[in-house]
Amino acid sequence: MENRRAKVELYEQIRREYEHGSGTIREVSRKLGVHRREVRKALSSAIPAARKVPEREHPKLAPAIPFINAILEADRKAPRKQRHTAHRIWMRMRREMPEVDVAGSTIRRYVRSRKAAMGLLGHEIFVPQSYLLGVEAQVDWYEGWVQFDGVSRKMYVFCMRSMASGGAFHRAYPHATQQAFLEAHELVFAFFSGVFSVLRYDNLKSAVKKILRGHQREETARFIGFRSHWGFASEFCTPGEGHEKGGVEGEGGQFRRNYLVPVPSVRHLEELNLLLLSGSIEEQSRGACGISGGIFGTNYASMGGVDAVIPVDVYVSGCPPRPQALLHGILLALGRIRQRAGSNPHR
């Protein structure tokens, strides 16, 4: 963009010099140190012509192009939220076409250009946030299609996502009933080996009987008793404002794109939930967690988290942590140092 702006300014200078100065192409070329061909271009148009970028050949990608095009064409008929991403296509290529050695970045560029030509592109915006460990999780249902012995059925998947680590648990049910809702909570608590302090929901009927003023809700008696038994607090989003629990909204979308694409074919519900459980564990294994040791923290070959070896004063959320979380942790550590030294930070 800066180079194009500089060229526009050069063209303006050439045109001004030609009109009010030298008056000839040769003199303008000599005075400004540009080629006469460039002077002629500036005199013919004040705006530089767009640079022609030649189309590069893709000798490595060429064998995979029919495979990619077929997937994107088939996605037109697939459920909108279960279409392939570039990363998912690349993962399938590694499994189904191991002889084609193409980088993921090459696949992303081609898929983006192909989707633009097919009119399938969309735009997403994310706002980074940081959370304390074990404090908040977000809960939601999302839908996904599954083949049971060749018969396509819509399933309802319960998802709870830890906002600090990004780990999540997914479990499918034929219907999003209150019984399934509460049972999934207990399975999540066992999966994470603990209960979060705050759980954030939308206004689902399993928990909310009536929406009152502001954030006040008339909750169902069964949900109140369940919450009291497990000792967590509940918060509910403003109706129609899904971004207030954007973490679990995004989690459901990315999990569906990576583990329900292509549409899975299973024999029964238990097999489907084993697939979802393995995906939840696989997602947790991404990154390196020095606090808890991750999913391998209790493995015989691991010593667990660093807090089992040395004292830890500040825990930084995220796996890996975001820059904002690191800065927040540094400030907290400085505060602890000042407290121990007995100094006054305002002195």
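Scope of this entry: the structure provided in the associated data block. Because the structure is predicted, anything quoted here is derived from the model rather than measured.

**Structural notes on the nonpolar core**
Within the largest apolar cluster, 25 residues are counted, with the highest numbers of intra-cluster contacts made by Phe-158, Met-160, Phe-181, Leu-199, Tyr-201 and Phe-223. Of all the secondary structure elements, the ones that give two or more residues to this core are strand E1 (136-148), strand E2 (151-162), strand E3 (168-173), helix H7 (178-192), strand E4 (198-201) and helix H8 (221-230). Per-element accounting of this core gives the leading share, eight residues, to H7. Those residues within four positions of Phe-223 in sequence are excluded, and the remaining contacts are Gln-178, Phe-181, Leu-182, Tyr-201, Ser-206, Ala-207, Phe-232, Ser-234 and Phe-236. Formed by 16 residues, the second largest nonpolar core is a distinct cluster that contains Ala-64, Met-93, Val-100 and Ile-107.

**Topic: a nonpolar patch on the surface**
Together, Leu-327, Ile-330, Leu-331, Leu-334 and Ile-337 line one region of the surface with nonpolar side chains, adding up to about 500 Å² of accessible area. A residue is classified by how much of its surface remains accessible, and Leu-327, at 53% relative accessible area, is exposed.

**What to know about the pattern of salt bridges**
Considering all chains together, one arrives at 12 salt bridges under this definition. Two residues, Glu-143 and Lys-154, come together in a salt bridge whose shortest N-O distance is 3.6 Å. Here Glu-143 is found in strand E1, whereas its partner Lys-154 is found in strand E2, with 11 residues between them in sequence. Classification of Lys-154 as partly exposed rests on a relative accessible area of 31%. Each member of the salt-bridge network shares a partner with another, and the members are Glu-136, Arg-200 and Glu-235.

**As for the packing of aromatic side chains**
Taken as a whole, this structure holds 17 aromatic pairs when the rule is applied. For the ring pair Phe-181 and Tyr-201, a centre distance of 5.8 Å and an interplane angle of 55 degrees mean the geometry is tilted. Of the two residues, Phe-181 sits in helix H7 while Tyr-201 sits in strand E4, which places them 20 residues apart along the sequence. Both rings, one in Phe-189 and one in Trp-230, keep their centres 5.0 Å apart while their planes meet at 55 degrees; by these two values the pair is tilted. Here Phe-189 is found in helix H7, whereas its partner Trp-230 is found in helix H8, with 41 residues between them in sequence. Looking at Phe-189, the relative accessible area reads 4%, which means it is buried. For Trp-230, a relative accessible area of 29% puts it in the partly exposed group. Among the aromatic residues, those joined into a ring-pair cluster are Trp-141, Phe-158, Tyr-173, Phe-181, Phe-189, Tyr-201, Phe-223, Phe-226, Trp-230, Phe-232 and Phe-236. One Lys or Arg, Arg-153, reaches over the ring of Phe-148 and ends 5.6 Å from the middle of that ring.

Cut-off values and rules
- Residues numbered from 1 in each chain as written.
- Predicted model: local features only at pLDDT ≥ 70, side-chain atom pairs only at ≥ 80, totals over all residues.
- Heavy atoms only, no water.
- Core = buried A, V, L, I, M, F, W, Y, C linked by side-chain atoms within 4.5 Å.
- Buried < 20%, exposed > 50% of the residue type's maximum accessible area, 1.4 Å probe, protein only.
- Helix = DSSP H or I, 4+ residues; strand = E, 2+ residues; numbered from the N terminus.
- Contact = heavy atoms within 4.5 Å.
- Patch = residues over 30% accessible without salt bridge, like charges linked within 9 Å, V, L, I, M, F, W, Y side chains within 5 Å.
- Areas by Shrake-Rupley, 256 points an atom, 1.4 Å probe, with all protein chains shown as cover.
- Salt bridge = Lys/Arg side-chain N within 4 Å of Asp/Glu carboxyl O.
- Phe/Tyr/Trp six-rings, centres within 6.5 Å; stacked < 30°, edge-to-face > 60°.
- Lys NZ or Arg CZ within 6 Å of the ring centre and 35° of its normal.

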